[in-house]
Amino acid sequence: MKDKPTKILAIETSCDETSIAIVKGEGNLKNPRVIIIKNEILSQIQIHKEYGGVVPFLASREHERNLIPVLYRALELNYANSKLQNPNYKKITKSKIQKINGLFERYPNLLKEFKEKILPLEKPDFDLLAVTHKPGLEPALWVGINFAKALHILWDIPLLGVDHIEGHICANLLMQAGAKLKIKNQKLKIIEFPALALTISGGHTQLVLIKKWLNYKLLGETLDDATGEAFDKTARLLNLSYPGGPEIQKIAKMGNPNAFNFPRPLINSKDYNFSFSGLKTSILYTVQKMTKTELKKNIANLAASFQRAVVEVLVKKTIRAAKEYEVKQVLLAGGVSANKALRNELTIALKKEGLELSMPELILCTDNAAMIGAAAYLHFKNDETSNWKTLKAVSKN
Ligand code: KG4
Ligand code: ZN
């Protein structure tokens, strides 16, 4: 008999995106599929832009402000809609209220809004509440975790803490609702194992061997800057705004990728580790030697040459790992996987090896809660849930 789908409400607040998604998980751990019903993302980029990067305390303050409006959007609720009133809401026990008060001790505004806008809601029919609990900015993570815990207490729905990086990898499982028939190659969503994931975000650069879902082996990672961090820092050197990745991609299109011969750190090392700080320093020295006019004239060439160096390292090491471990498929994951040059180059290089690249659609590459719901589905299928009393934010993996 076919299992009933699992309906998950997922929350992501690890960095500068407040996101809440509703996803539906189907299938077993051999062939899971996760369908997006809603994926609301409220970006704080405009707020952090003027500081040139994410400011943790501002991020948590914004999450505190945004969580309930974003949840309302995900649930398609309107505060003025009185039909949403839960007739039993006056009967919510004192013990529940006390626990919720405790969880929001540090967030008096969120507590007030929770009492006003969440307590009166009728209990929704979710099977699971998922929340990112690591890695990320600790104050930002805590807002989401406490919010999820409060919903768990109020609604008596199981709770599960999710690893953000695993979430990025699981973005490869996601399908848009109603997209089933539009996807030409259904196989795209069926991941073949062993698979290799290249996970590249603002905080991570990892090559991960996946023998099957939930069975991950770290083959190598960055020894210093993460790939996204290298993009962001290089963008700053070129006077481009935050986040640097999309800016560099845009301007690189107009430049010559062979104009500057920047180093390709560790490209031939026998391990699967990465290092990007030397590349950044090399760009710094190049920029320091230029006059303002020269820099202006060369920005596109610098961006294109930097991007080419990063892409070359990532592609070469990924191909080598794919061959050594005889993987059947490669998955791209994390914010930098939105990079078009990388998507193209890696697709071409893998094709030569007879391999297929799975990559999330662009909106699912950067932080979003649907991917957290996808990872949660796998763990829930494995009978895992978290205890609200012990679930905590962990900044580093
Ligand atoms: O996964 P993500 O949204 O957040 C973290 O978990 O860190 O990744 C954000 C990173 C930023 O460093 C951003 O500059 C980079 O991903 N990024 C890109 C592109 N879009 C986002 N890097 C290169 N090319 C892009 N198109
Ligand atoms: Zn991320």
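See above for the structure.
Residues numbered from 1 in each chain as written. Chains lettered and ligands numbered in written order. Predicted model: local features only at pLDDT ≥ 70, side-chain atom pairs only at ≥ 80, totals over all residues. Heavy atoms only, no water.

Colleague: Just to check I follow, could you spell out the coordination of the zinc ion (ligand 2) for this structure?
Modeller: Octahedral metal centres with six donors ideally show angles of 90 or 180 degrees, and tetrahedral centres with four donors ideally show 109.5 degrees. Within the protein, His-164 (NE2), His-168 (NE2) and Asp-367 (OD) serve as the donor atoms for the zinc ion (ligand 2), at 2.0 to 2.1 Å. Between consecutive donor residues of the zinc ion (ligand 2), the sequence gaps follow H-x3-H-x198-D. With His-164 and His-168 both in helix H6 (residues 164–170), this residue pair falls 4 residues apart, about one helical turn. There is no split in this pair, since His-164 and His-168 are both buried. (Donors = N, O, S within 2.8 Å, 3.2 Å for Na, K, Ca; no water. Helix = DSSP H or I, 4+ residues; strand = E, 2+ residues; numbered from the N terminus. Buried < 20%, exposed > 50% of the residue type's maximum accessible area, 1.4 Å probe, protein only.)

Colleague: It is not clear to me how the pairing of strand E4 (residues 128–134) should be interpreted in this structure. Could you clarify?
Modeller: Side-chain positions along a regular strand alternate between the two faces of the sheet. Summarising burial for E4: 6 of the 7 residues are buried, a large majority. Alignment of strand E1 (residues 6–12) against E4, held across 4 bridges, turns out to be parallel. Looking at E4, one finds that Ile-8 is bridged to Leu-128. Alignment of E4 against strand E5 (residues 159–163), held across 5 bridges, turns out to be parallel. Looking at E5, one finds that Ala-130 is bridged to Leu-160. After leaving E4, the chain enters helix H5 (residues 138–155) and then returns to the sheet as E5, a path that is right-handed. (Pairing = 2+ DSSP bridges. Right-handed = clockwise from strand over helix to strand, strands pointing away.)

Colleague: Honestly, the site of ligand 1 in this entry has me stumped. Any pointers?
Modeller: Around ligand 1 there are 20 residues in total, and His-168, Gly-202, Asp-232, Gln-249 and Gly-335 lie nearest to it. The contact in question runs from an oxygen atom of ligand 1 to an N or O atom on the backbone of Gly-202, over 2.8 Å. A distance of 2.9 Å is found between a nitrogen atom of ligand 1 and a side-chain nitrogen or oxygen belonging to Gln-249. Protein coverage of the free-state accessible area of ligand 1, which is 550 Å², stands at 90%. Within the residue set of the shell around ligand 1, elements represented by two or more residues are H6, helix H7 (227–237) and helix H8 (244–252). (Near = heavy atom within 4 Å. Polar contact = N/O pair within 3.5 Å; in protein donor to acceptor, adjacent residues only side chain to side chain. Areas by Shrake-Rupley, 256 points an atom, 1.4 Å probe, with all protein chains shown as cover.)

Colleague: Looking at this structure, how should I read the sheet that holds strand E3 (residues 33–43)?
Modeller: Strands belonging to one sheet form pairs held by backbone hydrogen bonds; the direction of such a pair is parallel or antiparallel. An order of E5-E4-E1-E2-E3-E6 is seen for the 6 strands of this open sheet, with the pairing classed as mixed. Each having just a single partner strand, E5 and strand E6 (174–176) make up the two edges of the open sheet. Strand after strand, the sheet turns through a mean of 35 degrees between neighbouring axes, direction not considered. Together, E1, strand E2 (17–26) and E3 form the strand contacts of helix H2 (residues 56–74), whose direction differs from that of E2 by roughly 35 degrees. Of the strands in this sheet, E1, E2, E3, E4, E5 and E6 are in contact with helix H13 (residues 369–381), which crosses E1 at around 130 degrees. (Axes fitted to C-alpha atoms, helices over the stretch in contact; angles between N-to-C directions. Contact = heavy atoms within 4.5 Å.)

Colleague: What exactly am I supposed to notice about the environment of Gly-373 here?
Modeller: Along the chain, Gly-373 turns up in helix H13. Residue class for Gly-373 comes out buried when judged on its relative accessible area of 0%. Placed 251 residues apart in sequence, Gly-373 and Glu-122 show a C-alpha to C-alpha distance of 22 Å. With residues up to four places along the chain from it excluded, the contact list for Gly-373 reads Ile-8, Ala-10 and Val-23.

Colleague: Help me out: how do you make sense of the nonpolar core in this one?
Modeller: One recurring pattern in soluble globular proteins: nonpolar side chains tend to sit buried together. By size, the foremost hydrophobic cluster in this structure holds 50 residues, and its most contacted members are Leu-196, Leu-198, Leu-207, Leu-279, Leu-302, Phe-306 and Leu-314. Within the residue set of this core, elements represented by two or more residues are strand E7 (195–200), strand E8 (205–212), H7, H8, helix H9 (277–288), helix H10 (292–324), strand E10 (329–333) and helix H11 (340–352). In contact with Leu-302, other than residues within four places in its own chain, are Leu-238, Phe-260, Phe-262, Thr-286, Val-287, Met-290 and Leu-295. (Core = buried A, V, L, I, M, F, W, Y, C linked by side-chain atoms within 4.5 Å.)

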